[in-house]
Amino acid sequence: MGVDAVDASNSCIPCTYPLTFQSLPLPTASRGEPVFLDGDGGRLNDNDDTKVPLVMYAWGKLIVVREINLSDNKTSNTFFTSSTHTGPSGDPSTSGFVYRGHTAPVTSARFNPAGTYVASGDSRGKLRIWAYDHEEHLPRLEIQLLAGPIRDISWDFEGKRLVVVGDGMQSPESAKVIMWDTGVKCGDLGAHARKKGSSCAFRPCRPMRIATGGAEDASVFFHKGPPFQRIVGDGVVSEKCHERGAVHSLRYNKDGSMLASVGTDGGVCFYEGKGMGLITRMKKVHKSSIFSCAWNRGGTHLLTCGADGYVRLLDAQAGAVVDEWDVATLQSGEKGEKVPIGAMLLGCTFVKGDAPVAVGYNGQISLLPAAANGANEPRIITGHQAPISAMTFGSTGTNTLYTADTDGVIVEWDGATGASRGRVSNVDEEDRDITGKVHAGATATSLAFCAANDGGNGTLYSAGWDDFVRTTHGRSCDGKLKMNAQPNAMTCGTNLVVVVTVEGLVLIRDEQAVSELIPLPYAATAACLSKDDSILFVSGNNCNIYIYNVSSSRAGNPLEESHVIKGGHLKPVQSLSLSPDGTKLAAADLRDVCIYDTTDYSNVVSKGRWCFHTQRIGCLAWSPDGSVIASGGNDDNIFLWCPAKKTKRVHYRFAHRGGVTGLSFVGSNAIEGGGDWMLVSAGADGCVNWWNVEEDAKTKFGF
């Protein structure tokens, strides 16, 4: 096994870092493809009352293990304290866990029966087995198992064997059963049509049985063992019970007495667990394809979800629907003739406590009311399905945080609890769409918030690659301004907003453009505006920083160049930030973070001093008292710097996989204080992290 196979040094954020809370991304979803959800945390989770219910899913190359809070008691206005729950290694939990050991998009993952290990597969056919209960989550096995994507994984009840199905492509096998610690095969499984398997299930008792479902032949193959081989020709086994298409999901109940299968035909089939004969076939349980199914802990009821936007609960013995939830109407707020875009349900499961959970094409997680969890109202957990590209705080003292992603989705968060309040939606859109793509699927490049002069809620400005700057009040996007060039960045003071485009600058005040496109003799890369809207700092691709006086009385061009900082950087500046008192300007390029005195623009910290980033530095943030500045880059790193202690630094590695894209100290945005040393970061991994850096900063810098 090579170095790549055993290196787990960056598989997660180190447990010694002061990560207080983590708002996690939503499942990655593709239209018409099932989304795997694993709500069975194994004995480690289910038998421990100190641990909350878990659900595991994939986000790109990451595996997310999310805590599901059934009580929904996050109502505090104070900032995070140590959790009363414990994480996989026994430490206080941060609402979940993100595993980053795969190098390709993850397609399936399952806990072993003990809950101590996870088997996960990716789109390149690689299987990885890693420790969940170890603080470094070390890998036990990594093996190339299939030629194409792995679609499903199932453990045996002993935790010694597992079966994997997927796309065999040109190889002769679309399913394999192996020993968990060595990868040695323990049988030969039948190959489905065109070498495409879609689902699998291991019987959780003896005699052992394996069922595999085909992606194109509407068949279920049965196997006995070990060593495992396909059962054919005995006249009892029922392989062809679905009418057409794919068998999307196969699941055994807890005692192994019954197997259920669902598929493209909208039907549900129940089989005898040992003999594998057909017991019951329920036709058209859903109007269209059923993508997923899951048994409750007692093994008596089956949960299904489909493209019609419904989740249904079936009584397996009676063969009848006993409950249903219209998730499409729940999320859209109105009943329509057609299923809204984004409401197709692709995955479902039961979590600890027999609470039903479903996931749709828009990624939003629906926690549904049931007698088992005591909930009366359904809850929607929202967030991002794509890399976060921008972040900003709302009005002072409201604990409101906004983030935007590369799909044009904007999410409002409660800054005190880390809970998502909801997605911003377009007003008066023609089609029913609950995907939340404010910028029509284009990347939202920047966010800026202007507080209202009359004490109102203020206005959120968002710029996107759809060439619009859109305005939002609350969570309703109700205005837009057409840009003549693509906007790449944005900054605001008190009332003025400056938009940086590929061809120049545009000034906006009170949701109206107050200038034409102002051309520049260089390509602007970043901008920063003083609090009183009087001084504008703009960096160019020529490595210079330009300072302009802003005057509304000037006809035509309201900008007047007053100074140019030359020679301060060897590479174009990518981020600018003014200190809270306006006396210092921070500028960062591809490697260096520099500080300038705004009275004469002399160097406080010059290039070559703070030069420890290895890739583009995309965001800077000053602490409320101006004593510390934080920087985040595409190298996944966050640094804390102190102008008074130039030779010292605090370094947080692996903060966000793919890069840090947003950074800010909470400061006065907290309702009841306590945010001066609370640092919030957002990244290309879709996560929003809260860090309490007070102890590290004071220890390192001697405050």
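What counts and how
- Residues numbered from 1 in each chain as written.
- Predicted model: local features only at pLDDT ≥ 70, side-chain atom pairs only at ≥ 80, totals over all residues.
- Heavy atoms only, no water.
- Buried < 20%, exposed > 50% of the residue type's maximum accessible area, 1.4 Å probe, protein only.
- Helix = DSSP H or I, 4+ residues; strand = E, 2+ residues; numbered from the N terminus.
- Pairing = 2+ DSSP bridges.
- Salt bridge = Lys/Arg side-chain N within 4 Å of Asp/Glu carboxyl O.
- pLDDT = per-residue confidence, 0-100.
- Contact = heavy atoms within 4.5 Å.
- Phe/Tyr/Trp six-rings, centres within 6.5 Å; stacked < 30°, edge-to-face > 60°.
- Axes fitted to C-alpha atoms, helices over the stretch in contact; angles between N-to-C directions.
- Disulfide = S-S within 2.5 Å.

Trainee: I'm lost on the pairing of strand E12 (residues 197-202) in this one. Help?
Mentor: Regular strands place side chains that alternate from one sheet face to the opposite one. Here E12 lies mainly inside the structure; six of its six residues are buried. Of the strand pairs in this sheet, E12 and strand E13 (residues 209-214) are connected by five bridges, and their pairing is antiparallel. Looking at the pairing, Phe202 lines up with Ile210 of E13. In this antiparallel pair of consecutive strands, E12 and E13, the connection spans six residues.

Trainee: Looking at this structure, I do not really get the pattern of salt bridges. What am I missing?
Mentor: Two side chains bearing opposite charge may form a pair once their charged atoms approach each other closely. Under the defined criterion, the tally for this structure stands at 24 salt bridges. In this structure, Arg194 and Glu216 form a salt bridge, with 3.1 Å as the shortest nitrogen-oxygen distance. Here Arg194, found in the loop between strand E11 (175-179) and E12, pairs with Glu216, found in the loop between E13 and strand E14 (220-224); they are 22 residues apart in sequence, far enough to count as distant. With relative accessibility at 37%, the residue Glu216 sits in the partly exposed group. As a salt-bridge pair, Lys698 and Glu694 come within 2.7 Å of each other at their nearest N and O atoms. Taken as a pair, Lys698 and Glu694 lie in helix H4 (residues 694-701) at a separation of four residues, close to a single helical turn. Under the relative-accessibility criterion, Lys698 is labelled partly exposed at 33%.

Trainee: Sorry, what's going on with the confidence of the model for the chain here?
Mentor: Detail in the predicted coordinates should be disregarded across regions flagged by low pLDDT. In this model, the chain carries an average pLDDT of 91, and 92% of its residues clear a pLDDT of 70 or more. Overall, residues 1-8 carries pLDDT values under 50, and its contacts beyond four positions in sequence, including any with other chains, amount to 15 contacts.

Trainee: Looking at this structure, how should I read unusual backbone geometry?
Mentor: Backbone geometry follows two general trends: most residues other than glycine have a negative phi, and most peptide bonds adopt the trans configuration. Cis peptide bonds are those with omega within 30 degrees of zero, and the linkage from Arg206 to Pro207 qualifies with -5 degrees. Looking at the secondary structure, you find Pro207 in the loop between E12 and E13. That bond from Gly225 to Pro226 is cis: its omega, -5 degrees, falls within 30 degrees of zero. The backbone of Met169 shows a phi angle near 55 degrees, a positive value even though the residue is not glycine. Residue placement: Met169 occurs in the loop between strand E10 (161-166) and E11. Of note in this structure, Lys195 is not a glycine but carries a positive phi near 60 degrees. Turning to its location among the elements, Lys195 is positioned in the loop between E11 and E12. For Lys195, a relative accessible area of 29% corresponds to the partly exposed category.

Trainee: Looking at this model, I keep getting lost on the packing of aromatic side chains. Mind explaining?
Mentor: Centre distance and the angle of the planes are the two values used to describe a pair of aromatic rings. A full pass over the atoms with the stated rule returns 21 aromatic pairs. Judged by centre distance (4.1 Å) and plane angle (5 degrees), the rings of Tyr522 and Tyr546 are stacked. On the criterion of sequence distance, the pair formed by Tyr522 in the loop between strand E41 (518-519) and strand E42 (524-529) and Tyr546 in strand E44 (residues 545-550) is long-range, its members being 24 residues apart. The pair Tyr522 / Tyr546 is uniform in exposure class, with both members buried. Where Phe612 meets Trp641, the ring centres are 6.3 Å apart and the plane angle is 20 degrees; that geometry is what we call stacked. Taken as a pair, Phe612 in the loop between strand E49 (603-605) and strand E50 (617-622) and Trp641 in strand E52 (residues 638-641) lie far apart in primary sequence, 29 residues in all. Residue Trp641 is classed as buried on the basis of its relative accessible area, which comes to 1%. Site record: aromatic cluster; members linked through ring pairs are Phe97, Tyr99, Phe111, Trp130 and Tyr132.

Trainee: Please clarify how the sheet that holds strand E16 (residues 247-252) should be interpreted in this entry.
Mentor: The strand order E16-E17-E18-E19 describes an open sheet built from four strands, whose pairing is antiparallel. At either margin of the open sheet sits one strand with a lone partner, and together these are E16 and strand E19 (278-282). Ignoring strand direction, the axes of neighbouring strands in this sheet form an average angle of 15 degrees. Two elements, strand E17 (residues 258-263) and strand E18 (residues 268-272), share five bridges in a ladder whose sense is antiparallel. Within the sheet, the bridge partner assigned to Leu259 lies in E18 and is Tyr271.

Trainee: Would you explain the side chain of Asn112 in this entry?
Mentor: Of note, Asn112 is situated in the loop between strand E5 (106-111) and strand E6 (117-122). Ignoring anything within four residues of it in the chain, the contact list for Asn112 reads Gly42, Tyr117 and Trp155.

Trainee: Is there a simple way to explain the sheet that holds strand E1 (residues 19-23) in this structure?
Mentor: Hydrogen bonds between backbone atoms are what pair the strands of a sheet, whose relative direction is either parallel or antiparallel. With antiparallel pairing, the four strands of this open sheet are ordered in space as E1-E56-E55-E54. Edge positions in the sheet fall to E1 and strand E54 (660-665), since each has one partner strand and no second. Averaged over all pairs of adjacent strands, the angle between their axes in this sheet comes to 20 degrees, without regard to strand direction. Here four bridges tie E1 to strand E56 (residues 688-692), and the two strands are oriented antiparallel to one another. Residue pairing in the sheet places Leu19 in a bridge with Trp691 of E56.

Trainee: I would appreciate a short explanation of the environment of Leu146 in the present structure.
Mentor: Note that Leu146 resides in the loop between strand E8 (139-144) and strand E9 (150-155). Leu146 sits 348 residues away from Thr494 along the chain, and the two C-alpha atoms are 57 Å apart. Once residues lying within four places of it in the same chain are set aside, the contact partners of Leu146 are Arg124, Gly125, Val164, Val165, Gly166, Asp167, Glu173, Ser174, Ala175 and Lys176.

Trainee: Looking at this structure, I do not really get the state of the cysteines. What am I missing?
Mentor: Each disulfide consists of a covalent bond between the sulfur atoms of two cysteine residues. According to the stated counting rule, one finds zero disulfides in the structure shown. Between Cys15, a cysteine without a disulfide, and Cys12, which holds the nearest cysteine sulfur, the sulfur-to-sulfur distance is 7.3 Å. Cys594 carries a free sulfur, and the closest cysteine sulfur to it, the one in Cys611, is 9.5 Å from it.

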